[in-house]
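Residue strings, one per chain:
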Amino acid sequence: MRGITALNTCLIAAAAGTTLADPQDGDLFDGIVTSPNERASFKAFIGGFGVTEVEAFEGDPVSVRNGSLDNPIVAGERTTGSFDILVGWEEFFDNANPGEGVASRIRFVIETSDGSPFLTDADAAANRNVIRWEIGDHSDPDDDLFADPIDFRPFVSDLTLLEATAVLFTDDNTENSIPFGFTLPSDWDGTDAVLSNTFTLGPTTNRIEITYDYLPVPTPASGLVLGSLVLGGMKRRRR
């Protein structure tokens, strides 16, 4: 039966005009569901309790390409500092727990260009110590022109978001890991722009990893193709 599942996966991928990774543990959609060249818009803010937040970097939301996790781009110069904010993202899979399938996930990284903390002396003086980000959608109407959510391939009708996690670092040392932001599980539209999602930064925090774990849901057409392939395989076995 595992052989039939693998064949079905390949045929559905071919019908959709794309390629899926090899399935593991019978999971149909343990494979790429975003375009390798897909882009998403990104903007971030630094604020605090009872104070006016400021843009973390100068300029409009930046367009970030899939596959830039290891080579993040310059989003802009820190508004209260002399360093740049870097951002990148990528879709990948984690099979760290054999026998439990492969987690499909997208990860963003936000970091400073020179290892400086996100927070500057100016932020401390203004009592700003939290960060908020917007991915794919933006709260300022002036930024609507730049809004670009993460899009998924035609054979995916929905994505069920299983977990969203932010991990704060100083260099390679983990400071905190925080599940956040959504009523889970929930349908995910490839955006993260919840105004209440704010994260307290430490005085030395200089990198953040944001991870979205999800389960892709096939389109009805993909389901029909899968069903016909399974029935066809059963009929051939009976002959």
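See the structure shown above.
Student: In this structure, what is going on with the nonpolar core? I would like to understand it.
Tutor: The nonpolar side chains of a soluble globular protein tend to be buried with one another. By size, the foremost hydrophobic cluster in this structure holds 38 residues, and its most contacted members are F42, F108, W133, I208 and Y212. Of all elements in the fold, only β1 (39-48), β3 (62-65), β5 (84-94), β6 (103-112), β7 (130-135), β8 (156-170) and β12 (207-218) reach the threshold of two or more residues within this core. In terms of residue count, β8 provides more of this core than any other element does, six residues in total.

Student: Help me out: how do you make sense of the pattern of salt bridges in this one?
Tutor: If charged atoms from side chains of opposite charge come close, those side chains can pair. The tally for this structure, following the rule as stated, stands at ten salt bridges. For E55, the salt bridge goes to K43, with nearest N and O atoms at 2.9 Å. Residue E55 is located in strand β2 (residues 51-55), and its partner K43 is located in strand β1; the two are separated by twelve residues in the primary sequence. A relative accessible area of 3% places K43 in the buried class. Residue D213 is joined to R105 by a salt bridge in which the shortest nitrogen-to-oxygen separation is 2.8 Å. With D213 in strand β12 and R105 in strand β6, the pair connects residues that are 108 residues apart, well separated along the chain. Taking the relative accessible area as the measure of exposure, R105 reaches 12% and is therefore buried. Here the residues in one salt-bridge network are R107, D172, R207 and E209, joined through shared partners.

Student: Explain unusual backbone geometry here, please?
Tutor: Across the chain, the bulk of peptide bonds are trans and the bulk of non-glycine residues have phi less than zero. Each neighbour pair has its own omega, and for L184 with P185 the value is -10°, a cis peptide bond. Within the fold, P185 resides in the loop between β9 (173-179) and β10 (186-187). Here the phi dihedral of N127 falls at roughly 60°; this positive angle occurs in a residue that is not glycine. A positive phi angle is found at D171, which is not glycine, with a value near 55°. Topologically, D171 is positioned in the loop between β8 and β9. Overall, D171 belongs to the partly exposed group, its relative accessible area being 46%.

Student: For this particular structure, what's the right way to read the pairing of β12?
Tutor: Regular strands place their side chains on alternate faces of the sheet. For β12, the tally of buried residues reaches nine of twelve residues, placing the bulk of the element in the interior. For β8 and β12, the ladder comprises twelve bridges, and the chain directions are antiparallel. By the bridge assignment, V156 is partnered in β12 with P218.

Student: Please clarify how the side chain of K43 should be interpreted in this entry.
Tutor: A distance of 2.7 Å separates the side chain of K43 from the side chain of D143, its partner in a polar contact. Those residues in contact with K43 that sit more than four places away from it in its chain are E55, F57, G59, P61, R132, W133, E134, H138 and D143.

Student: What should I look at first to understand the pairing of β8 in this one?
Tutor: For β8, the tally of buried residues reaches eleven of 15 residues, placing the bulk of the element in the interior. Here β8 runs beside β9; their pairing, made up of six bridges, is antiparallel. Following the sheet pairing, L168 is matched in β9 by N176. Hairpin connection of β8 to β9: two residues between the antiparallel strands, including D171 at a positive phi of 55°.

Student: Can you help me understand the packing of aromatic side chains in this one?
Tutor: Each aromatic ring pair is described using two quantities: the centre-to-centre distance and the angle formed by the ring planes. Summed over all chains, the structure comprises twelve aromatic pairs. Relative to F180, the ring of W133 lies with its centre 6.0 Å away and its plane at 85°, an arrangement referred to as edge-to-face. Of this pair, W133 sits in strand β7 while F180 sits in the loop between β9 and β10, and the two are 47 residues apart along the sequence. F180 matches W133 in its accessibility class, with the two residues each being buried. Centre to centre, the rings of W133 and F199 are 4.6 Å apart; their planes meet at 0°, and the pair counts as stacked. Of the two residues, W133 sits in strand β7 while F199 sits in strand β11 (residues 199-200), which places them 66 residues apart along the sequence.

Scoring rules and cut-offs
- All residue numbers refer to positions counted from 1 along the written sequence of the respective chain.
- Only residues with pLDDT of at least 70 are given local features in this predicted model, and only at 80 or more are side-chain atom pairs given and counted; all residues enter the totals for whole chains, interfaces and linings.
- Each side-chain value is worked out from all heavy atoms of the structure, with water and hydrogens disregarded.
- Nonpolar cores are built from buried Ala, Val, Leu, Ile, Met, Phe, Trp, Tyr and Cys residues. Side-chain atoms within 4.5 Å join them into one set.
- Classification of residues uses two cut-offs on accessible area relative to the type maximum, computed with a 1.4 Å probe and protein chains only: under 20% is buried, over 50% is exposed, and between them is partly exposed.
- Strands here mean DSSP runs of E at least two residues long; helices mean DSSP runs of H or I at least four residues long; both are numbered from the N terminus.
- We define a salt bridge as a contact between a side-chain nitrogen of Lys or Arg and a carboxyl oxygen of Asp or Glu at a distance within 4 Å.
- At least two bridges found by DSSP between two strands is the condition for calling them paired.
- Throughout this description, a polar contact denotes any pair of N or O atoms lying within 3.5 Å of each other; where both atoms belong to protein, one of them has to be capable of donating a hydrogen while the other can accept it, and for residues adjacent in sequence the pair is counted only when both atoms sit in side chains.
- Pairs of residues are marked as contacts when any of their non-hydrogen atoms sit within 4.5 Å.
- The pairing test for Phe, Tyr and Trp rings, Trp by its six-membered ring, is centres within 6.5 Å, and the orientation test on the planes gives stacked under 30 degrees, edge-to-face over 60, and tilted for anything in between.

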